[in-house]
Amino acid sequence: SPALDEQARAILTGNDRGGYTVPTDGLYPYQWNWDSAFAAWGFATFDLDRAWTELDTLFSAQWADGMVPHIIFHKPDPGYFPGPDVWGTGQSPETSGISQPPVAATMARLIFEMDAEAGRDRLAALYPRMLAWHRWWRDQRCGSGVVAITHPWESGRDNCPDWDIGMANVDGSNVGEYTRRDTGHVDASMRPGKADYDRYIAMVQFGRDCGWDQSEIVANGPFLMADPGITFILLRAHDDLAALGRALGHDVSEVEGWAADLRAAVPSIWNAETRGFDARDLKTGRFSGRIGSAAFLAYLANVESPELDARMTELWDAVRYGFPSADPASEEFDPRRYWRGPSWPVVNALMAIGLTDRGRHAAAERLRRETAELIEAHGFFEYFDPIDGTPCGGDAFTWTAAIWLTWAG
Ligand code: DGY
């Protein structure tokens, strides 16, 4: 509806801090990596120039090794923990020391294809930086074949049950005193618990203590798990980056090679027992034994099978509104706690892009309709209870507004 379109645009412009967008005022007062890529897509529906600028500011914080960090602390804000002093990365601008799902090339392609002529110079400037980031994923995170994460925050799906077996080995008992800020902004029952937070901080302290030496973190850090979510997102993004490179007249054989290698490794995260793509603890080789929304980002990467379709229906039919982030049949399922059950518009949108590409129009339309119903009934919240639709987390949320403008609305 025009009224909701107007509200969504007002959220994007209201969360604009000058060239970058905060995910939501208060709870997340800086630039977050994948939030920003979705924000760019949203801006592209009414301000293409501003869309490219969002991606430029994101890549302006790229590290010398190619990593694009998960948070960029452009301006100090005491309302967030852990801030730049805790991360201690010594970068300028200050940043966190891990990355986040690489959706930027996929969003850049969507934006470029809206107006290739207007976007050509902006894309040409961005392309080498995206290429360097994809190379970083390949070099620093794909040692086992599929993509590994060194911190649950790197997955973007912070506290999903996928990480429970890896988290169990992290000692959070010596992190010292700290004050969380997130639970001052939203209901604590919708956020990760205290035991999780202690471990998150322990992992940050490990990284800081070794000077954010990525090889050391991968080899000896407290946590290393294969992530089906980023694996599929990166596989898709490699293909999109190659398409963008071709449009610019570049030789893209290197990117195509990365994509082929990653695709070849995908069967290593198929768990025959849970009948799904599953996270794996790379320290022990064990599967998490959990299935969640990330498994179905497979469609995004042109990976599909009748078994996957059947599992999708099982999880989805157990709820009412969009796709649950965790399996409703599992004992960990918690319909309002962040990534342990809620439906996230942004994940629904990624799944739908994949389903549409695979010709599954009815499923894609069902996802769109159920996501739209949530936003129409409750507004632009961060995530929603997938059973009764209760809005959760932050309000006036950038990526929910962006998803409305581009896909759901
Ligand atoms: C948070 O602070 O909860 C973020 O998700 C970390 O990136």
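Refer to the structure printed above.
A quick note: this is a predicted structure, and the numbers were derived from the prediction, not measured.

Asker: Looking at this model, I keep getting lost on the overall build of the chain. Mind explaining?
Answerer: Of regular secondary structure, the chain possesses 17 helices and ten strands. Its C-alpha radius of gyration of 19 Å places the chain within 12% of the 22 Å reference for a compact globule of 409 residues. In terms of its C-alpha atoms, the chain occupies a principal-axis envelope of roughly 55 × 45 × 45 Å. Counting the 409 residues in the chain, one finds 55% classified as buried. Look at the contacts in the chain between residues 6 or more apart in sequence, and 70% of them connect residues 24 or more apart.

Asker: What should I look at first to understand the nonpolar core in this one?
Answerer: Nonpolar side chains tend to gather and get buried jointly when the protein is soluble and globular. Membership of the largest hydrophobic core comes to 130 residues, with the highest contact counts inside it found for F38, A40, A108 and M351. Of the residues forming this core, the biggest block, nine residues, is contributed by helix α12 (residues 228-247). If sequence neighbours within four positions are ignored, M351 has contacts with F296, L297, Y299, F323 and L367.

Asker: Would you take a moment to explain the site of the ligand for this structure?
Answerer: In the region of the ligand, the neighbouring residues are H70, W153, D158 and D182. Considering only residue class, the shell around the ligand consists of one nonpolar, one polar and two charged.

Asker: Is there a simple way to think about the sheet that holds strand β3 (residues 94-95) in this case?
Answerer: Read from one edge to the other, the open sheet built from three strands follows the order β1-β2-β3, with strand pairing classed as antiparallel. Either end of the sheet is taken by a strand with one partner, and the two such strands are β1 (31-32) and β3. As paired strands, strand β2 (residues 71-73) and β3 are joined by two bridges and run antiparallel to one another. By the bridge assignment, F73 is partnered in β3 with E94.

Asker: Looking at this structure, I do not really get the sheet that holds strand β8 (residues 280-281). What am I missing?
Answerer: Working definition: the strands of a sheet are paired by backbone hydrogen bonds and lie parallel or antiparallel to each other. Reading across the sheet, the three strands line up as β4-β5-β8 and stay open at both edges, with antiparallel pairing between neighbours. Looking at the sheet topology across the chains shown, the edges are occupied by β4 (148-149) and β8. As defined by bridge partners, strand β5 (residues 225-226) adjoins β8 across two bridges and the pair is classed as antiparallel. Each residue of the ladder has a partner; that of A226, found in β8, is R280.

Asker: Could you clarify how one ought to interpret the environment of Y80 in this entry?
Answerer: Checked against the element boundaries, Y80 lands in the loop between β2 and α4 (84-87). Judged by the 19 C-beta atoms lying within 10 Å of it, Y80 falls in the partly exposed class. For Y80 and G184, which are 104 residues apart along the polypeptide, the C-alpha to C-alpha distance reads 9.8 Å. Non-local contacts of Y80, meaning those with residues more than four positions away in its chain, are made with P29, Y30 and R181.

Asker: Which parts of the structure should I look at to understand the packing of helix α1 (residues 2-14) against helix α17 (residues 398-408)?
Answerer: Packed helix pairs are characterised by how far apart their axes lie and by the angle those axes make with each other. Viewed as axis vectors pointing N to C, α1 and α17 meet at an angle of 140°, and their least axial separation amounts to 9 Å. Here α1 is positioned oblique relative to α17, judged by the angle of their axes. You can see that α1 and α17 cross each other, and the crossing is left-handed. Contacts from L4, D5, A8, R9, I11 and L12 in α1 reach T398, A401, A402, W404 and L405 in α17. For the contact of α1 with α17, the per-class residue count stands at eight nonpolar, one polar and two charged.

Asker: Even after reading the chapter, I still don't get the environment of E94, so can you show me in this structure?
Answerer: Examined against the element boundaries, E94 turns out to sit in strand β3. In contact with E94, other than residues within four places in its own chain, are F73, P84 and T89.

Asker: Help me understand unusual backbone geometry, please; the structure alone is not making it clear to me.
Answerer: Comment: phi is negative for the bulk of residues other than glycine, and the bulk of peptide bonds are trans. Geometrically, the link from F81 to P82 is a cis peptide bond, its omega value of 0° lying close to zero. By the secondary structure assignment, P82 is in the loop between β2 and α4. The peptide bond linking S92 to P93 adopts the cis configuration, its omega dihedral lying at -5°. Structurally, P93 can be placed in the loop between α4 and β3. At R275, a residue that is not glycine, the phi angle is positive and equals roughly 55°. One can find R275 in the loop between β6 (270-271) and β7 (276-277).

Criteria and thresholds
- Residues numbered from 1 in each chain as written.
- Predicted model: local features only at pLDDT ≥ 70, side-chain atom pairs only at ≥ 80, totals over all residues.
- Helix = DSSP H or I, 4+ residues; strand = E, 2+ residues; numbered from the N terminus.
- Rg over C-alpha atoms; globule rule 2.2 N^0.38 Å.
- Buried ≥ 20, exposed ≤ 12 C-beta atoms within 10 Å, placed from the backbone.
- Contact = placed C-beta atoms within 7 Å.
- Core = buried A, V, L, I, M, F, W, Y, C linked by C-beta atoms within 7 Å.
- Near = placed C-beta within 6 Å.
- Nonpolar A, V, L, I, M, F, W, Y, C, P; charged D, E, K, R; others polar.
- Pairing = 2+ DSSP bridges.
- Axes fitted to C-alpha atoms, helices over the stretch in contact; angles between N-to-C directions.
- Parallel < 35°, antiparallel > 145°, perpendicular 65-115°, else oblique.
- Left-handed = near helix turned anticlockwise from the far one by under 90°.

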